[in-house]
Amino acid sequence: MAKPIYILNGPNLNLLGTREPQLYGSTTLADVEKMCAARGKVHGLKIDLRQTNYEGQMVEWIHEAITKADGIIINAAALTHTSLATLDALKNFKGPIVELHITNPHQRESFRHFSYITYAATAMMSGFGPEGYPLAVDGMAMLLKKRKAG
Ligand code: CA2
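About the cut-offs
- Residues numbered from 1 in each chain as written.
- Predicted model: local features only at pLDDT ≥ 70, side-chain atom pairs only at ≥ 80, totals over all residues.
- Heavy atoms only, no water.
- Helix = DSSP H or I, 4+ residues; strand = E, 2+ residues; numbered from the N terminus.
- Rg over C-alpha atoms; globule rule 2.2 N^0.38 Å.
- Contact = heavy atoms within 4.5 Å.
- Areas by Shrake-Rupley, 256 points an atom, 1.4 Å probe, with all protein chains shown as cover.
- Lys, Arg positive; Asp, Glu negative; His and termini not counted.
- Charge placed at Lys NZ, Arg CZ, Asp CG, Glu CD.
- Phe/Tyr/Trp six-rings, centres within 6.5 Å; stacked < 30°, edge-to-face > 60°.
- Buried < 20%, exposed > 50% of the residue type's maximum accessible area, 1.4 Å probe, protein only.
- Lys NZ or Arg CZ within 6 Å of the ring centre and 35° of its normal.
- Near = heavy atom within 4 Å.
- Polar contact = N/O pair within 3.5 Å; in protein donor to acceptor, adjacent residues only side chain to side chain.
- Nonpolar A, V, L, I, M, F, W, Y, C, P; charged D, E, K, R; others polar.
- Pairing = 2+ DSSP bridges.
- Axes fitted to C-alpha atoms, helices over the stretch in contact; angles between N-to-C directions.

Can you walk me through the overall build of the protein in this structure?
Counting its secondary structure elements, the protein contains 6 helices and 5 strands. Secondary structure elements of the protein, listed N to C terminal, follow the sequence β-α-α-β-α-β-α-α-β-β-α. Since a compact globule built from 150 residues should have a radius of gyration of about 15 Å, the 14 Å found for the protein is in line with a globular shape. With respect to the three principal axes, the spread of C-alpha positions in the protein is 40 × 30 × 25 Å. Of the contacts formed within the protein by residues at least 6 apart in sequence, a portion of 76% connects residues at least 24 apart. Taken as a whole, the protein presents about 7,900 Å² of accessible surface, with 54% of it coming from carbon and sulfur. Taken as two groups, the 16 positive and 13 negative side-chain charges of the protein have centres that lie 8 Å from each other.

What am I meant to see in the packing of aromatic side chains here?
For any pair of aromatic rings, geometry is given as the distance between the ring centres together with the angle between the planes. Counted according to the given criterion, the structure contains 2 aromatic pairs. Aromatic pair Phe-114 and Tyr-116: ring centres 4.8 Å apart, planes at 85°, arrangement edge-to-face. What makes Phe-114 partly exposed here is its relative accessible area of 37%. Using a relative accessible area of 23% as the deciding quantity, one classes Tyr-116 as partly exposed. These aromatic residues form a ring-pair network of at least three members: Phe-114, Tyr-116 and Tyr-119. A cation sits over an aromatic face here: Arg-50 above Tyr-6, 4.4 Å from the ring centre.

Before we go on, may I ask you to explain the environment of Val-59 in this structure?
Turning to its location among the elements, Val-59 is positioned in helix H3 (residues 55–68). When the C-alpha positions of Val-59 and Ala-85 are compared, they lie 6.9 Å apart, and in sequence the two are 26 residues distant. In contact with Val-59, not counting residues within four places along its chain, are Ala-85, Thr-86 and Ala-89.

Sorry, what's going on with the site of the ligand here?
Taken together, 17 residues lie around the ligand, and Asn-75, His-81, His-101, Ile-102 and Thr-103 are the ones closest in. Contact between the ligand and His-81: an oxygen atom at 2.7 Å from a side-chain N or O atom of the residue. Separating an oxygen atom of the ligand from a side-chain N or O atom of His-101 is a distance of 2.9 Å. Grouping the constituent residues of the shell around the ligand by class yields 8 nonpolar, 5 polar and 4 charged.

Looking at this structure, I do not really get the sheet that holds strand S3 (residues 71–75). What am I missing?
What links the strands of a sheet is backbone hydrogen bonding, and the strands pair in either a parallel or an antiparallel sense. Ordered in space as S2-S1-S3-S4-S5, the 5 strands form an open sheet in which the pairing is parallel. Pairing within the sheet leaves two strands with one partner each, and these edge strands are strand S2 (47–51) and strand S5 (123–126). Each strand of the sheet is rotated relative to its neighbour by a mean of 20°, with strand direction disregarded. In the sheet, strand S1 (residues 5–9) pairs with S2 via 5 bridges, with the strands oriented parallel. Looking at S2, one finds that Tyr-6 is bridged to Asp-48. The sheet contacts of helix H2 (residues 29–43) involve S1 and S2, and relative to S2 the element is tilted by about 160°.

By themselves these figures say nothing about function.
Take a look at the structure:
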């Protein structure tokens, strides 16, 4: 039976849509969850979206995903640039991993140009605003279909 796609969100993304709209837009994470559930339905995929402000919790969810999820879409937020622990956890996941960013970190400060997550990611989605999330669900559906086909 198909397992859900985990959409994991890191520190401060609970503020999405409520602060810095010029950078991150005015769509909330609850709106993102609805958009992704709807897009997942189109592809026959179940979505499980979560957000944490804690690195250890992110690592625990990735461990959980190893047996309970078919794919991971991850916006690790600041953990992207700092967390070797998140990368080490992701390395144990066998399914597709899509690294996602709302903004394009390469257009921003140089400390956002390095990503630990990239070393484990199958694909990357960045710079599309909150609309990048449902686009990443489309991409994940394509990656899973490809894997199934062998
Ligand atoms: O562009 C992205 O999605 C980022 O992952 C967002 C992170 C940032 O550290 C990365 O460099 C790029 C920051 C997430 C903070 O989320 C907020 C959302 C709304 C208001 C304030 C913070």
